[in-house]
Amino acid sequence: MLDFAEWSNSIQNQIIGLTICITIPSMALYIAEIVTIVRHKKFHKSFYALFAMRAISDLLYVLVSFYGDRLPTIIGAVLYPIYSTFPNWMLAMFFFLSGHTFIANMLTTAFIILNRLTAIIMPIKHEKIWQNFLPFITIFVSLVPTLLFLPMFKMNAILILNDPNSTTDRSFIINEAGDLPYGHYLAYICAVSSVIFMALCVLLNIGTFVAYKLHTKQADTNVNNFNDIKKKLLVYAMATFLGHALVASLFFIPLIIQIHLDPKAMAMFFVYFPLVMDAGTVVLSSWLLLWASGAIRQQLIKDFTIIRKTNIQNNRVGPMDGLRNNNHRPVGGAVGQQFQSSVGQLPTVS
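Calculation notes
- For every chain, the first residue of the written sequence is number 1, and numbering continues from 1 onward in sequence order.
- Reporting in this predicted model follows two pLDDT cut-offs: at least 70 for local features of residues, and 80 or more for side-chain atom pairs to be given and counted; totals over whole chains, interfaces and linings ignore these cut-offs and use all residues.
- To obtain the side-chain values, all non-hydrogen atoms of the structure were included, while hydrogens and water were left out.
- Each residue carries a pLDDT score, the predictor's confidence in it, ranging from 0 to 100.
- Numbered from the N terminus, helices here are DSSP runs of H or I no shorter than four residues, and strands are runs of E no shorter than two.
- Any two residues having at least one pair of non-hydrogen atoms within 4.5 Å are treated as being in contact.
- Throughout this description, the term salt bridge denotes a Lys or Arg side-chain nitrogen within 4 Å of a carboxyl oxygen of Asp or Glu.
- Partly exposed residues are those whose accessible area sits between 20% and 50% of the maximum for their type, while under 20% is buried and over 50% is exposed, using a 1.4 Å probe and protein chains only.
- UniProt positions are given in the numbering used here, feature names are shortened, and annotations may be inferred rather than shown by experiment.

Brief notes about the confidence of the model for the chain
Logical step 1: For the chain, per-residue confidence averages 82 on the pLDDT scale, and residues scoring 70 or more make up 80% of the total.
Logical step 2: When pLDDT is averaged over each element of the chain, helix 6 (residues 126-149) comes out on top at 95 and helix 11 (residues 333-345) at the bottom at 42.
Logical step 3: Low pLDDT (under 50) marks residues 221-225, which in the prediction has one contact with non-local residues, meaning those over four places away or in another chain.
Logical step 4: In the predicted structure, residues 319-350 sits below a pLDDT of 50 and forms one contact with residues beyond four places in sequence or in another chain.

Structural data, given as structure tokens:
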């Protein structure tokens, strides 16, 4: 175990590089999906609103992770003098936003599963009910994590070099001074919330699965097929729950096995944490939607094709205009008339 932990710590930069390689394209896709949902009215539905809500939290988490973890590890020598000038609240903001995005992700994931459940048991009233409650859900998802983690700004945040005795390794972490009272509070809230989240979502998934089986049985009796889109969105909701459940387990499993008692094992845990976190949230949620929603997929392709064609046409306009203006330049006398008649006899270029 210790040998693997030491090896993992030695390749931390490579793990972060791999994480960045799989996360950046997923972030770009996430942003494209959010823009598509906002631009096109046909996607102004409760499921896509919840998806966008969670996507924003996921994107914010990644940016916060770059700010407080990944960049200080990769280019700590460059950032350490800059971060040293930051006021306390800017360093503490890393912990506040980390906890905020984590809780917001869990809440929106639970609401997405509930959304799929109501789509099955009350398909007629489902969308109207959710549209009425979406503003309250948005406030709830934003306000609850804010109230939970506002105390983070009271902490005494400091910068700690990973190897103070090294003249080459200037990577650092943002941590709390002293006995980590607010750090322990953050870990405790996330761990308890993870347990509640997983228990609640398991119950919702069981209820959704039972409702789905009853619906499909009734549909078979009536010689109808269950809506393929609803089926795929249901699979999407359950699959993304598993991804977020994996992330949630990272907060309470270490407490159960007391991994914090072994510094090397704890360091190894933080090495793989960004990779698991990104794969379970940003990567899974963004790419799986392309499979689940054919409408989103087709609209993305259509929008991208329009942008590409527009750019190609714009690149051709300049030279063509110049040639076209030369063709219409007046030419005097009989020579001009002969030239124009000759041009008129040329075959048209298609």
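Some thoughts on the pattern of salt bridges
Logical step 1: This model, assessed by the stated rule, comprises two salt bridges.
Logical step 2: A salt bridge links aspartate 303 to arginine 39; its shortest N-O distance comes to 3.9 Å. Here arginine 39 lies in helix 2 (residues 12-39) and aspartate 303 lies in helix 10 (residues 294-327), a separation of 264 residues in the sequence.
Logical step 3: Taking the relative accessible area as the measure of exposure, aspartate 303 reaches 11% and is therefore buried.
Logical step 4: Take arginine 39: its relative accessible area is 56%, and that puts it in the exposed class.

Let's talk about the UniProt feature "transmembrane region" (unreviewed entry) in the chain
Logical step 1: UniProt feature "transmembrane region" (unreviewed entry): in the numbering of this structure it lies at residues 15-38, 59-83, 89-113, 133-153, 185-212, 233-257 and 269-292.
Logical step 2: Within residues 89-113, the helical portion is 100% and the strand portion 0%, while the C-alpha atoms at the span's ends are 35 Å from each other.
Logical step 3: Taken end to end, residues 133-153 is 81% helix and 0% strand, and its two terminal C-alpha atoms sit 31 Å from one another.

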